[in-house]
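Observations on chain architecture
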Amino acid sequence: MFARFVIIVMCDLYAALARLGVTCRLLSKIGSDANASFLLDSLLSQGVLAEDIFTGKANESTAFTYVLVCQESHSRTCIHTPLQSEISPAEVIRYIEQRTTPVYEKLEYVHFDSRHTEAAVTLAQHIHNSCTYNNTILSIDVEKSRHHLPHLIRYCHIIFTNKTGIKEMFPMFSGVT
């Protein structure tokens, strides 16, 4: 009755773009477990630049989402196991300061998921405030309201969401179908 799928949405997106010849650099944080090794190997084998991925503390589990699909009722249930310590604004600032070339140099497009919003705000502010911030497009994928999300949205040019996200985050559009 149930089918189980493991979803690695952002990694799948970056791998697909890399296969199309788009240079993709992933800034994120993973655990120190077998899932982390699997994700890194998968990304690197597809050509995604993954040297900007922070690794969590020893024995820290990588965030993972399982999707249970009920074929009878045509429904799905997502079970998310979050990373124990998400990427922090301080880690983003250290990342920016340690780079030999500015993080924003030659950026055309930056996409944020809505999981590490506080760190994403730090990066978005840095890109926005840099003197070379020309035509870099910032977008975000919003599933639901999260802490710091309103601060991040103000920097984004494009917002990807669903009906629930629109109604929850943007009540003025609650009549949109």
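Structure: see above.
**As for helix H4 (residues 117-129)**
For H4, with 13 residues, the first-to-last C-alpha span of 18 Å sits near the 18 Å given by 1.5 Å per residue. Those residues of H4 that sit buried are Thr-117, Ala-119, Ala-120, Val-121, Thr-122, Leu-123, Ala-124 and Ile-127.

**Some points on the pattern of salt bridges**
Summed over all chains, the structure comprises 3 salt bridges. Arg-25 serves as the salt-bridge partner of Glu-51, at 2.7 Å between the closest nitrogen and oxygen. Here Glu-51 is found in the loop between helix H2 (34-45) and strand E3 (53-55), whereas its partner Arg-25 is found in the loop between helix H1 (9-19) and strand E2 (28-30), with 26 residues between them in sequence. Between Asp-52 and Arg-25 there is a salt bridge; the shortest N-O distance is 3.1 Å. Here Arg-25 lies in the loop between H1 and E2 and Asp-52 lies in the loop between H2 and E3, a separation of 27 residues in the sequence. Overall, Asp-52 belongs to the buried group, its relative accessible area being 8%. The network of salt bridges with shared partners includes Arg-25, Glu-51 and Asp-52.

What counts, and where the lines are drawn
- Residues numbered from 1 in each chain as written.
- Predicted model: local features only at pLDDT ≥ 70, side-chain atom pairs only at ≥ 80, totals over all residues.
- Heavy atoms only, no water.
- Helix = DSSP H or I, 4+ residues; strand = E, 2+ residues; numbered from the N terminus.
- Expected span 1.5 Å × (residues − 1).
- Buried < 20%, exposed > 50% of the residue type's maximum accessible area, 1.4 Å probe, protein only.
- Salt bridge = Lys/Arg side-chain N within 4 Å of Asp/Glu carboxyl O.

By themselves, these figures tell us nothing about what the structure is for.
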